[in-house]
Amino acid sequence: MPLSAAEYLQQIQFQHLQPSHPTSEDYAARITPSEELQNTLLPEAAELSEQLLHTLLGMPRMSTFAVASLINKMVREMPADQCFLNVGTWCGFSFFSGILGNPQKKCIGVDNFSEFNPDNQARETFMRLYNRIRSQYTETLFYEMDYQYYFQHHQDPVGMDIYDGEHSYANQLKGLQIAEPVLAPGALILVDDTNMPHVHQATLDFIALKPDQYTLLADLKTANNCHPTFWNGIMLLQKTPAPSL
Ligand SMILES: C[S@@+](CC[C@H](N)C(=O)[O-])C[C@H]1O[C@@H](n2cnc3c(N)ncnc32)[C@H](O)[C@@H]1O
């Protein structure tokens, strides 16, 4: 019996650098991918997925191997009729983390490249990698547009949702609320950058607006941004599963 997402996250361990240990916030001064891999101890063997995720570690990213492994597991174990939705792909790290090794799973990315995109570099990096990946992973879709516009058309039940778009309080709350009607019972929601007080508060307020419908499974802080464990903090939520017959 595989671990639940919450158990998996709880059992991720770090050898040397712990989430509470201060590290450099300078993006360029982060530890190397091989040091990050060495530091991260995953609780479950998933060799193929892990090897595929290793190939992503050299790309520009605002997340970590630990978080990528969690995303990959959640998409792998998502029911076949549900999809993975990632608003805010940037260069693609979190989105590709869900796709690799999961060719049967429908994965949808949305980004309007309105942030962190000098000289269109992020968009170009994303498109180059995405075009390569989608030739093999034919169930993937990408929409270059504002997420609020995208949701006017979205239909599939979402089993795994990441809102990693613009992180103002208003957009964070809206990003969670707008997906709510299409979230399947039991759906998992990953929120990152939760070290930021307004992101944390918007996520708690989202839960409070739907009492008894969402459970906070994990709320993990890091000492600083760009941290090689859980980056800038993560929260994991779950929509109440349907009652079993
Ligand atoms: C923090 S980055 C995402 C990092 C990415 N998930 C990763 O794994 O590296 C945020 C992204 O959200 C996108 N974004 C911001 N506002 C948006 C909006 N209104 N609609 C769609 N995407 C948006 C930005 O263009 C940017 O690429």
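Residues numbered from 1 in each chain as written. Predicted model: local features only at pLDDT ≥ 70, side-chain atom pairs only at ≥ 80, totals over all residues. Heavy atoms only, no water.

**Regarding the pairing of strand S3 (residues 83–87)**
Burial analysis of S3 places five of its five residues in the buried class, the great majority of the element. Sheet analysis places S3 next to strand S4 (residues 106–110), joined by five bridges and oriented parallel. Residue valine 87 lies in a different strand from S4, and its bridge partner there is valine 110. Regarding topology, helix H5 (residues 93–99) serves as the crossover connection from S3 to the parallel S4, and that connection is right-handed. Bridge count for S3 against strand S6 (residues 158–163) is five bridges, and the pairing is parallel. Residue pairing for S6: asparagine 86 is matched across the bridge by isoleucine 162. (Buried < 20%, exposed > 50% of the residue type's maximum accessible area, 1.4 Å probe, protein only. Helix = DSSP H or I, 4+ residues; strand = E, 2+ residues; numbered from the N terminus. Pairing = 2+ DSSP bridges. Right-handed = clockwise from strand over helix to strand, strands pointing away.)

**Topic: the site of the ligand**
The environment of the ligand is made up of 19 residues, and the closest members are Gly88, Ser94, Asp111, Asp146 and Asp164. Contact between the ligand and methionine 62: an oxygen atom at 2.9 Å from a main-chain N or O atom of the residue. Between the ligand and asparagine 112 there is a distance of 3.3 Å, counted from a nitrogen atom to a backbone nitrogen or oxygen. Broken down by class, the residue content of the shell around the ligand amounts to seven nonpolar, six polar and six charged. (Near = heavy atom within 4 Å. Polar contact = N/O pair within 3.5 Å; in protein donor to acceptor, adjacent residues only side chain to side chain. Nonpolar A, V, L, I, M, F, W, Y, C, P; charged D, E, K, R; others polar.)

**Quick look at the packing of helix H8 (residues 169–179) against helix H9 (residues 197–209)**
In the contact formed by H8 and H9, the axes pass within 9 Å of each other and the chain directions differ by 35°. As H8 packs across H9, the resulting crossing turns out to be right-handed. Listed contacts from H9 to Tyr169, Gln172, Leu173, Leu176 and Gln177 of H8 are His198, Val199, Gln201, Ala202, Thr203, Asp205, Phe206 and Leu209. (Axes fitted to C-alpha atoms, helices over the stretch in contact; angles between N-to-C directions. Left-handed = near helix turned anticlockwise from the far one by under 90°. Contact = heavy atoms within 4.5 Å.)

**With respect to H8**
Every buried residue belonging to H8 is among Gln172, Leu173, Gly175, Leu176 and Ala179, and all of these are buried. Viewed along the axis of H8, the buried residues span an arc of 155°, placing them on a single side of the element. The inward-facing, buried residues of H8 abut helix H7 (147–150), S6, strand S7 (183–192) and H9. (Arc of directions from axis to C-beta.)

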